[in-house]
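Close look at the chain arrangement
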2 protein chains.
Amino acid sequence: MSRVASVEHDLRAAVTAEIVPPRAEYLTDQTEARGLTGRADAVALPRSAEEVAEVVAWCYERGVAVVPRGGGTGYAAGAVPLNGGVVLSLERLARVRSFDPLLWRMEVEAGVTTANVRRVAREGGLLFAPDPGAAEQSQIGGNIATNAGGPHAYKYGVTGAWVLGLEAVVAPGEVVRFGGPVRKDVAGYDLKHLLVGSEGTLGVITSSWLRLTPAPEAAWPVIGFFDGVRAGAAAIERVVGSGLPAAALEYVDSETMRYARATFPGEVPVGAFGVLAEADGSHDEAGRIRTDLLEVLGEDALALYAPETPQEIAALWRWRDGLALVIDAQRGGKASEDIAVPLDKVGEAIEASLEAGKRFGIPAASWGHAGDGNLHTTFLLAGDDERELALAPQLSEALFDIALRLGGTISGEHGVGFVKRNWLERQLGPRAFELHTAIKRAFDPQNLLNPGKKA
Amino acid sequence: MSRVASVEHDLRAAVTAEIVPPRAEYLTDQTEARGLTGRADAVALPRSAEEVAEVVAWCYERGVAVVPRGGGTGYAAGAVPLNGGVVLSLERLARVRSFDPLLWRMEVEAGVTTANVRRVAREGGLLFAPDPGAAEQSQIGGNIATNAGGPHAYKYGVTGAWVLGLEAVVAPGEVVRFGGPVRKDVAGYDLKHLLVGSEGTLGVITSSWLRLTPAPEAAWPVIGFFDGVRAGAAAIERVVGSGLPAAALEYVDSETMRYARATFPGEVPVGAFGVLAEADGSHDEAGRIRTDLLEVLGEDALALYAPETPQEIAALWRWRDGLALVIDAQRGGKASEDIAVPLDKVGEAIEASLEAGKRFGIPAASWGHAGDGNLHTTFLLAGDDERELALAPQLSEALFDIALRLGGTISGEHGVGFVKRNWLERQLGPRAFELHTAIKRAFDPQNLLNPGKKA
């Protein structure tokens with residue numbers, strides 16, 4: 001390992017990629033609100049996998065950390081450089097390398113935004129199903145690196161389920177391919193799924209082959225309002241138990257509804273807990289499922305809302321997608337985690353997480369992907385109250401405790417990043433954690449790929 | 001590492017599991033027809049994960065190989081003990097630990113047969129979608145360890161797509177859990193998917209949490225007959241390009257049809273290439289898709305066959321599932337591989353694999369999972385002709401060559417086992433192969449878990 005006089009200067013002289021100073025927008029993500037900002041020596045803006053490999057090779061030879069960066073929309077500080085090194089932004093790897101609509105297949109570079117992937121697919125009559133939030137800003141490489149979810153993961157699965165193959169740069173600076181444009185492959189260990197969700201700690205994803213599926217002709221959400229958590233959880237289980245193939249199954253608890261009631265595009269009974277389910281498929285099929293969903297939800301609902309026009313439907317999803325912003329705006333600060341639990345524990349997990357808020361004297365609200373048992377519980381902290389803000393770690397830990405006690409996970413879709421890493425060993429147990437660490441070591445013996453995250 | 005006087009004797013004295021002599025039925029799998037039989041020192045028949053751990057710990061301490069065994073229906077010699085050691089048969093871990101039909105979830109031990117998993121699910125109104133051949137004999141643990149496929153993987157995905165979590169015994173003899181009854185989990189690296197398809201070389205799968213889905217009300221296969229490979233391949237692409245969500249999309253080439261024509265439950269034009277597609281879903285939906293499939297296939301089909309009664313439908317699938325046996329019976333010997341290629345290369349791959357047979361003067365037949373680009377090309381060898389039988393390795397290599405040349409994989413669903421391992425590095429490339437090897441070393445530093453397979 002040779003010494004480096006100035007990373008920015010030396011790197012610029014050595015590689016093809018453009019190197020820029022570590023501007024503020026490259027040093028944080030959604031955790032900025034929690035006060036998390038990083039520090040880097042330089043930002044690399046490569047335009048190809050080969051240019052990425054060049055940067056990684058230079059860094060690896062000199063013991064300089066590499067922090068890969070997508071759209072910066074993460075909630076776990078996965079893209080925040082903790083202690084210097086090079087931020088490797090994939091934004092300029094933004095080509096759709098190929099799109100074969102008749103073969104349900106697309107090859108896209110890491111920096112293509114999620115919204116663009118979905119747009120290109122849709123123009124070919126196809127659906128790229130994963131729909132994490134912030135699609136206009138987030139990048140497919142980041143979605144894959146975090147195995148991002150979203151409301152429609154309930155029917156369609158998370159991002160990784162749609163990845164056929166990956167091109168990535170691994171240490172000490174080489175382009176490799178795991179899988180390819182093939183729908184089935186059991187030749188080697190599943191290195192592709194190992195990279196998926198690895199949060200840049202095993203390699204830098206530069207491109208991916210994605211599987212697509214025919215776009216449903218229709219998608220009709222309906223929402224039922226129930227008297228509290230228990231009745232809401234019962235409705236959720238009723239929808240699942242009915243065997244109806246809902247495309248999404250979401251919940252919005254009474255506390256969240258209280259803040260978001262004013263912007264809801266319809267009537268909401270006071271104090272109600274919302275359960276949103278979507279029917280999709282051919283027009284006939286979606287219509288039939290919608291009717292059945294309304295019947296199942298209607299059994300003990302206080303009210304139902306079933307938008308019909310495209311405008312009304314879009315408005316309902318816009319409202320749903322905007323919940324986080326509405327809640328965030330209430331008191332200026334927050335602690336929020338994305339634990340997931342077995343489906344039959346959703347009600348208990350929501351109640352326990354609201355209870356945790358009460359214990360600390362902090363208002364809490366909970367919503368999320370009910371069908372996947374994935375809670376987004378948020379504690380609303382006064383942004384100008386140091387004492388409240390200081391409670392954030394304990395509040396998050398209360399949620400992790402609930403997840404593990406109920407047989408769940410500390411992260412359903414946001415990832416571990418920096419903020420949850422001390423909890424990973426507790427979830428995995430000592431031997432599985434050792435294996436986890438051994439994999440990191442095998443891929444990154446010098447611990448230079450996004451150090452301090454995940455592993 | 002201590003010396004062992006007699007593995008069978010010493011192991012019996014040391015562990016709870018029943019230990020039996022290495023009887024012939026534990027020493028081979030479907031590769032027996034190719035003359036592959038193994039050699040073991042003892043067979044362990046544990047009844048629980050703890051008993052598995054005891055056996056693995058005893059072996060690991062003494063440097064004795066452990067060869068996990070499911071139903072023994074593999075085609076890659078993955079369960080064949082190559083050079084002594086202990087065959088660890090999972091057959092007595094045969095409990096359904098839990099079944100929650102209203103939550104679409106099941107926890108089953110490794111030794112439950114695939115057919116039983118499907119039966120239990122069906123009795124609860126649900127579908128366990130993966131349907132590899134030999135379901136009555138194969139075990140779910142083996143299906144997971146090989147990431148088995150089957151015709152319906154086209155719509156529903158391979159076995160791994162339905163595994164929520166795994167319980168496994170890893171070296172040096174410890175029970176671990178990767179995932180659980182949770183539908184989303186991005187906490188750690190995807191150790192679950194790493195075990196899936198690892199063919200017993202990273203750990204011994206003892207139990208699994210499976211995701212289920214509501215059973216379709218109806219499933220209607222139709223088959224079109226076409227004039228040769230080109231027309232057949234065009235029909236396959238037409239079905240995919242139509243955007244119809246077929247549940248299965250299979251092909252049976254003209255050579256295979258020639259041998260299997262007599263047993264086909266309907267009329268078959270002479271020399272025809274068959275394309276089978278299945279419509280499933282609600283009655284209405286399946287009916288609509290079936291009509292559309294018939295229209296798409298009918299465009300230039302020589303004939304169509306569209307069974308209507310449950311008996312006719314069952315007969316068609318029985319015929320399809322029996323193809324391998326019919327072909328195997330023709331000349332007494334065979335060489336057969338399960339390469340997969342990109343969908344647009346299916347026709348080319350079929351033609352090239354038949355061409356390879358001609359080059360060697362050996363009759364060839366090809367059928368498989370067209371929609372997944374997964375060929376089962378078989379070379380029919382005279383079982384009593386040593387010269388022909390000796391060609392098997394070269395014929396298999398000709399298929400691997402085709403797969404890699406067309407951007408595919410040496411194995412779509414059967415796995416690498418012993419028979420394909422020399423080809424793995426060529427597919428992965430040197431750096432990915434190094435990482436592959438490093439993972440094996442991390443999980444199994446003494447190379448005692450199914451040595452000589454996969455890695």
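Rules of the game
- Residues numbered from 1 in each chain as written.
- Chains lettered and ligands numbered in written order.
- Predicted model: local features only at pLDDT ≥ 70, side-chain atom pairs only at ≥ 80, totals over all residues.
- Heavy atoms only, no water.
- Helix = DSSP H or I, 4+ residues; strand = E, 2+ residues; numbered from the N terminus.
- Contact = heavy atoms within 4.5 Å.
- Areas by Shrake-Rupley, 256 points an atom, 1.4 Å probe, with all protein chains shown as cover.
- Lys, Arg positive; Asp, Glu negative; His and termini not counted.
- Charge placed at Lys NZ, Arg CZ, Asp CG, Glu CD.
- Polar contact = N/O pair within 3.5 Å; in protein donor to acceptor, adjacent residues only side chain to side chain.
- Pairing = 2+ DSSP bridges.
- Axes fitted to C-alpha atoms, helices over the stretch in contact; angles between N-to-C directions.
- Expected span 1.5 Å × (residues − 1).
- Buried < 20%, exposed > 50% of the residue type's maximum accessible area, 1.4 Å probe, protein only.
- Domains from an automatic or database assignment.
- Buried area = accessible area lost by both parts, 1.4 Å probe.
- Salt bridge = Lys/Arg side-chain N within 4 Å of Asp/Glu carboxyl O.
- Nonpolar A, V, L, I, M, F, W, Y, C, P; charged D, E, K, R; others polar.
- Least-squares fit on C-alpha atoms with pLDDT ≥ 70 in both.
- Phe/Tyr/Trp six-rings, centres within 6.5 Å; stacked < 30°, edge-to-face > 60°.
- Lys NZ or Arg CZ within 6 Å of the ring centre and 35° of its normal.

Digging into the overall build of chain A
Regarding its fold elements, chain A presents 16 helices and 18 strands. The principal-axis extent of the C-alpha atoms belonging to chain A is close to 70 × 55 × 40 Å. In chain A, of all internal contacts separated by at least 6 residues, the share reaching a separation of at least 24 is 72%. Surface summary for chain A: the accessible area is close to 16,000 Å², and the carbon and sulfur share equals 49%. Side chains of chain A give 44 positive and 59 negative charges; the mean places of these two sets differ by 4 Å.

Some points on the side chain of B:Ser138
Residues and elements named next belong to chain B. Looking at the element boundaries, serine 138 is found in the loop between strand S7 (126-127) and helix H4 (140-146). For serine 138, the side chain forms a polar contact with the side chain of asparagine 143, separated by 3.3 Å. Not counting residues within four places of it along the chain, the set of residues in contact with serine 138 comprises Gly71, Thr73, Val112, Thr113, Thr114, Gly133 and Asn143.

Describing the sheet that holds strand S3 (residues 66-69) of chain B
Residue and element names in this part refer to chain B. Pairing within the open sheet is mixed, and its four strands lie in the order S1-S2-S4-S3. Looking at which strands have only one partner, the edges of the open sheet turn out to be strand S1 (18-20) and S3. Within this sheet the neighbouring strands show an average axis-to-axis angle of 25°, counted without direction. In this sheet, strand S4 (residues 86-89) lies alongside S3 in parallel orientation, the contact comprising four bridges. Among the inter-strand pairings, proline 68 is bridged to a residue of S4, identified as leucine 88. In the packing of helix H1 (residues 7-14) onto the sheet, the strands contacted are S1, strand S2 (42-45) and S4, and the crossing angle to S1 comes to about 170°. Strands S2, S3 and S4 of the sheet are contacted by helix H2 (residues 49-62), whose axis makes an angle of about 165° with S4.

Considering helix H14 (residues 392-405) of chain A
Residues and elements named next belong to chain A. If you check H14, its first and last C-alpha atoms are 20 Å apart, about what 14 residues at 1.5 Å a residue would give, namely 20 Å. Every buried residue belonging to H14 is among Ala392, Leu395, Ser396, Ala398, Leu399, Phe400, Ile402 and Ala403, and all of these are buried. Close packing links the buried residues of H14 with strand S16 (332-337), helix H12 (346-360), strand S18 (374-382), helix H13 (386-389) and helix H15 (421-428). Downstream of H14 by one or two residues, glycine 407 has phi in the positive range, about 80°.

Concerning the domain arrangement of chain A
Residues and elements named next belong to chain A. By domain assignment, chain A separates into domain 1 (96-214) and domain 2 (218-321). Of note, the centres of domain 1 and domain 2, computed from C-alpha atoms alone, are 29 Å apart. Listed per partner, the contact involves five residues of domain 1 and 10 residues of domain 2. Regarding the contact of domain 1 and domain 2, the summed buried area is about 650 Å², with carbon and sulfur atoms giving 53% of it. Sorting the residues of domain 1 by area buried against domain 2 places Pro151, His152 and Tyr154 first, and these three jointly supply 75% of that buried surface.

Comments concerning the interface of chain A and chain B
Counting residues at the interface gives 75 residues for chain A and 75 residues for chain B. The three residues of chain A that bury the most area against chain B are A:Lys184, A:Val186 and A:Tyr189, which together make up 17% of that side's buried surface. Across the chain A-chain B interface, the total number found is six salt bridges. Linking A:Asp372 and B:Arg183 is a salt bridge whose minimum nitrogen-to-oxygen distance equals 2.8 Å. Here chain A is connected to chain B by 30 residue pairs in polar contact (both at pLDDT 80 or more). At the level of elements, helix H5 (153-156), strand S9 (174-179), helix H6 (191-195), helix H7 (228-241), helix H9 (283-298), H15 and helix H16 (430-443) of chain A are the ones that each hand at least two residues to the side of chain A that touches chain B. It is H16(A) that provides the largest number of residues to the side of chain A that touches chain B, a total of nine residues. Considering only residue class, the side of chain A that touches chain B consists of 36 nonpolar, 23 polar and 16 charged.

Concerning the relation of the copies chain A and chain B
Mapping chain A onto chain B calls for a screw motion: a turn of 180° about the axis and a shift of 0.0 Å along it, with 0.0 Å RMSD after fitting. Taken together, the rotation and translation relating the two chain copies correspond to the operation of a two-fold axis. Here 100% of the interface residues in chain A have copies in chain B that are interface residues too; the copies meet face to matching face.

A word on the packing of aromatic side chains
Where two aromatic rings form a pair, the distance of their centres and the angle of their planes describe that pair. For the structure shown, the criterion picks out 14 aromatic pairs over all chains. Arranged with centres 4.8 Å apart and planes meeting at 85°, the rings of B:Phe264 and B:Trp319 form a pair that is edge-to-face. Here the residue B:Phe264 occupies a position in the loop between helix H8 (254-260) and strand S14 (273-281), and B:Trp319 occupies one in helix H10 (residues 310-321), the gap between them amounting to 55 residues. Of the two residues examined, B:Phe264 and B:Trp319, each falls in the buried class. Seen in terms of ring centroids, B:Phe400 and B:Trp423 are 5.2 Å apart; in terms of plane orientation they differ by 55°. Their pairing is tilted. Taken together, the residues B:Phe400 in helix H14 (residues 392-405) and B:Trp423 in helix H15 (residues 421-428) connect sequence positions 23 residues apart. Given the relative accessible area of 1%, B:Phe400 is considered buried. Looking at B:Trp423, the relative accessible area reads 5%, which means it is buried. An aromatic cluster is defined as three or more aromatic residues linked by ring pairs; in this entry it consists of A:Phe225, A:Phe264, A:Tyr305 and A:Trp319. The ring of A:Trp162 is capped by A:Arg211, whose NZ or CZ atom sits 4.1 Å from the centre of that ring. Positioned above the aromatic ring of A:Trp423 is the side chain of A:Arg426, whose terminal nitrogen or guanidinium carbon lies 4.0 Å from the ring centre.

Quick look at the pairing of strand S4 (residues 86-89) of chain A
All names here are of chain A. A two-sided burial pattern is seen for S4, the buried positions comprising Val86 and Leu88 on one face and Val87 and Ser89 on the other. Pairing of strand S2 (residues 42-45) with S4, which is carried by three bridges, proceeds in the parallel orientation. Within S4, the position partnered with alanine 42 by the bridge is valine 86.

Here we look at the sheet that holds strand S8 (residues 163-170) of chain B
One open sheet holds the five strands; their spatial order is S5-S6-S10-S8-S9 (chain B), and the pairing between them is antiparallel. With partners counted over all chains shown, the strands left at the sheet margins are strand S5 (96-100) and strand S9 (174-179) of chain B, one partner each. The sheet shows a mean angle of 15° between the axes of neighbouring strands, direction not considered. The pairing of strand S6 (residues 105-109) of chain B with strand S10 (residues 204-211) of chain B spans five bridges and is antiparallel. Residue pairing across strands places B:Glu109 opposite B:Ser207, the latter belonging to S10(B). Against the sheet, H16(A) touches S8 and S9 of chain B, its axis set at about 70° to S9(B). Docked against the sheet, H2(B) engages S5, S8, S9 and S10 of chain B, running at close to 40° with respect to S8(B).

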